[in-house]
Amino acid sequence: MDTIQFTATFPNIAPDKLAEFKQNISAALEKVRTETGVRQYDWFFNADETVCVVRETYADSDAILAHVANVGALIGPMAEMGGGLELEVFGSVSAEVAEGLAGLTPTMYSHFEGL
């Protein structure tokens, strides 16, 4: 499995920040449309729009690095509006990506088996 998947969760979006949070989603989507290594970049809200989950899939670690360079400036403000950022990573990332993610304390899962 070469692709790398992420689940990014913003666990507690303040109601007064929801509109701004959604504007940042639109800005991120516009930027990500230019990235060739992105395979999935989908945003989901729970029923009351207080939790947002992003499902992301990248071709490889280089695609992740390109993504962070492209939209990284939006992540901090969104984490503030979203009550933090919980990150799960599925697949093998390069040492450079692992080092870059370390401050976010992601839960890392290595691929075992699948199609």
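Look up a bit, the structure's there.
Residues numbered from 1 in each chain as written. Predicted model: local features only at pLDDT ≥ 70, side-chain atom pairs only at ≥ 80, totals over all residues. Heavy atoms only, no water.

A. The packing of aromatic side chains, seen in detail. Taken as a whole, this structure holds seven aromatic pairs when the rule is applied. Between Phe 10 and Phe 21, the ring centres sit 5.1 Å apart and the planes meet at 75°, which makes this aromatic pair edge-to-face. With a gap of 11 residues between them, Phe 10 in strand β1 (residues 4-10) and Phe 21 in helix α1 (residues 18-32) connect regions that are remote in the sequence. Note on Phe 10: relative accessible area 2%, which makes it buried. Here the aromatic rings of Phe 21 and Trp 43 are separated by 6.4 Å at their centres, their planes lie at 75°, and the arrangement is edge-to-face. With Phe 21 in helix α1 and Trp 43 in strand β2 (residues 38-45), this pair connects stretches of sequence that are 22 residues apart. Take Phe 21 and Trp 43: they sit in the same class, and that class is buried. Three or more aromatic residues joined by ring pairs form one cluster here, namely Phe 10, Phe 21, Tyr 41, Trp 43 and Phe 45. Above the face of the Phe 45 ring, Lys 22 is positioned so that its terminal group lies 5.4 Å from the ring centre. (Phe/Tyr/Trp six-rings, centres within 6.5 Å; stacked < 30°, edge-to-face > 60°. Helix = DSSP H or I, 4+ residues; strand = E, 2+ residues; numbered from the N terminus. Buried < 20%, exposed > 50% of the residue type's maximum accessible area, 1.4 Å probe, protein only. Lys NZ or Arg CZ within 6 Å of the ring centre and 35° of its normal.)

B. Layout of the side chain of Glu 35. Looking at where Glu 35 falls in the secondary structure, it is placed in the loop between α1 and β2. With no salt bridge to any partner, buried Glu 35 finds its closest opposite charge in Lys 31, at an N-O distance of 8.2 Å. Among the polar contacts listed, one links the side chain of Glu 35 to the side chain of His 67, at a separation of 3.1 Å. Side chain to side chain, Glu 35 and Asn 70 meet in a polar contact 2.8 Å long. The contacts of Glu 35, once residues within four sequence positions are left out, are Tyr 58, His 67, Asn 70 and Val 71. (Lys, Arg positive; Asp, Glu negative; His and termini not counted. Salt bridge = Lys/Arg side-chain N within 4 Å of Asp/Glu carboxyl O. Polar contact = N/O pair within 3.5 Å; in protein donor to acceptor, adjacent residues only side chain to side chain. Contact = heavy atoms within 4.5 Å.)

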